[in-house]
There are 2 protein chains.
Amino acid sequence: MSKIAVLEKFSSFSEFWTPKIIGELNGQYVKLAKLKDDFVWHKHDGEDELFMVWKGTMTMEFRDKTEIVREGEIIIVPRGIEHCPRVDKGEAWVMLFEPKATLHTGDVMHERTVTNFEWI
Amino acid sequence: MSKIAVLEKFSSFSEFWTPKIIGELNGQYVKLAKLKDDFVWHKHDGEDELFMVWKGTMTMEFRDKTEIVREGEIIIVPRGIEHCPRVDKGEAWVMLFEPKATLHTGDVMHERTVTNFEWI
């Protein structure tokens, strides 16, 4: 029940593609991630996922289209839809909303898969 | 699967205390609300609620403390906790995450209670 200053939380870590938890509600986590370069194609069979860009620009690739998501914009990826986030220039700071059980690489186990998310 | 520009959505309506839906995921709605002056004391018995301030300053009163939530800050109100949002100066633009069934006045039916939320 204390407020959370989001940009301060982003400033407290530097690893890329390693989401950190800042809040929990209704079985969902609020996470922060710093993105750079490419991620991996994946989907989440049972979970929708929200991305909100706080800094920089994220490119979200779908199999049939590409969305460029800038600061102050959000995109919701429905369950079952293959997607691949990417950052073409510099880094992007992204907030995620997703069920607590969600693995960020979805159905793909990858060297970047994190299974033990840290609270910050 | 199209991106949403949040500030543009805020600019598309002017009513206060009348949340508008901009997204849906995992049984939750993402809503936008413009706040001004006082709201009503209430609680949600079965739902946690997240508030994220996009513009202005919101004061969140609890029975035992007060939190001032500024632009770029969030606050999560756990289920069962009485709270009363308020804006002391000008208006505040606030994003909400909460289960689809949530009434914004919780357990209190009030002249401000909206039961039919509009998508924008």
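As the structure is a prediction and not an experimental result, all values here were calculated from the model.

Thresholds, definitions, all that
- Residues numbered from 1 in each chain as written.
- Chains lettered and ligands numbered in written order.
- Predicted model: local features only at pLDDT ≥ 70, side-chain atom pairs only at ≥ 80, totals over all residues.
- Heavy atoms only, no water.
- Contact = heavy atoms within 4.5 Å.
- Buried area = accessible area lost by both parts, 1.4 Å probe.
- Salt bridge = Lys/Arg side-chain N within 4 Å of Asp/Glu carboxyl O.
- Polar contact = N/O pair within 3.5 Å; in protein donor to acceptor, adjacent residues only side chain to side chain.
- Nonpolar A, V, L, I, M, F, W, Y, C, P; charged D, E, K, R; others polar.
- Pairing = 2+ DSSP bridges.
- Helix = DSSP H or I, 4+ residues; strand = E, 2+ residues; numbered from the N terminus.
- Least-squares fit on C-alpha atoms with pLDDT ≥ 70 in both.
- Buried < 20%, exposed > 50% of the residue type's maximum accessible area, 1.4 Å probe, protein only.
- Phe/Tyr/Trp six-rings, centres within 6.5 Å; stacked < 30°, edge-to-face > 60°.
- Lys NZ or Arg CZ within 6 Å of the ring centre and 35° of its normal.

Enquirer: How would you summarise the interface of chain A and chain B if you had to cite specific residues and measurements?
Expert: Counting from both sides, the interface comprises 38 residues of chain A and, opposite them, 38 residues of chain B. Counting the surface lost from both chain A and chain B, the interface buries some 2900 Å², and carbon and sulfur atoms represent 62% of this. Among the residues chain A hides against chain B, the three largest losses belong to Met-1, Lys-3 and Asn-26 of chain A. Together they make up 28% of the total. In this structure, the connection of chain A to chain B is made through two salt bridges. A salt bridge links Lys-3 of chain A to Glu-73 of chain B, with the nearest nitrogen and oxygen atoms 3.3 Å apart. Linking chain A with chain B are 19 residue pairs in polar contact (both at pLDDT 80 or more). Class assignment for the residues of the side of chain A that touches chain B results in 21 nonpolar, six polar and 11 charged. As judged from the two bridges shared by strand E1 (residues 4-5) of chain A and strand E7 (residues 73-77) of chain B, these two strands associate in the antiparallel manner. Counterpart to Ile-4 of chain A in the pairing with E7 of chain B is Ile-74 of chain B.

Enquirer: How would you explain the environment of Ala-92 of chain A if you had to name every residue and give the values?
Expert: Residue and element names in this part refer to chain A. With respect to the helices and strands, the residue Ala-92 is situated in strand E8 (residues 83-99). The spatial distance from the C-alpha of Ala-92 to the C-alpha of Thr-113 is 19 Å, given a sequence separation of 21 residues. Contact partners of Ala-92, with chain neighbours within four places excluded, come to Ala-33, Lys-34, Leu-35, Lys-55, Gly-56, Thr-57, Met-58 and Val-87.

Enquirer: Residues and numbers for the relation of the copies chain A and chain B, please.
Expert: A rotation about some axis, followed by a shift along it, carries one copy of the chain onto the other. With an RMSD of 0.0 Å, the fit of chain A onto chain B corresponds to turning through 180 degrees and sliding 0.0 Å along the axis. In the structure described here, the two chain copies are related by an operation that fits a two-fold rotation axis. Interface overlap between copies is the fraction of interface residues in one copy that are interface residues in the other; for chain A against chain B it reaches 100%, indicating a shared surface.

Enquirer: Can you lay out the side chain of Lys-20 of chain B for me, pointing to particular residues and giving the numbers?
Expert: Residue and element names in this part refer to chain B. Positionally, Lys-20 belongs in strand E2 (residues 20-25). The exposure class assigned to Lys-20 is buried, which follows from its relative accessible area of 3%. Apart from the residues within four sequence positions on either side, Lys-20 is in contact with Phe-13, Glu-15, Val-30, Lys-31, Leu-32, Glu-118 and Ile-120.

Enquirer: I'd like a rundown of the packing of aromatic side chains, residues and numbers included.
Expert: For the structure shown, the criterion picks out nine aromatic pairs over all chains. For the ring pair Trp-17 of chain B and Phe-39 of chain B, a centre distance of 4.3 Å and an interplane angle of 10 degrees mean the geometry is stacked. Of this pair, Trp-17 of chain B sits in the loop between helix H1 (6-11) and E2 while Phe-39 of chain B sits in the loop between strand E3 (28-38) and strand E4 (49-55); the two residues are 22 residues apart in sequence, bridging distant segments of the chain. Assigned by exposure class, Trp-17 of chain B and Phe-39 of chain B land together as buried. Taken together through their ring pairs, the aromatic side chains of Phe-10, Phe-13 and Trp-93 of chain A make up a single cluster. In this structure, Lys-31 of chain A packs its charged tip against the face of Phe-117 of chain A, placed 3.7 Å from the ring centre. Between Lys-55 of chain B and the ring centre of Trp-93 of chain B, over which it is positioned, the NZ or CZ distance is 4.0 Å.

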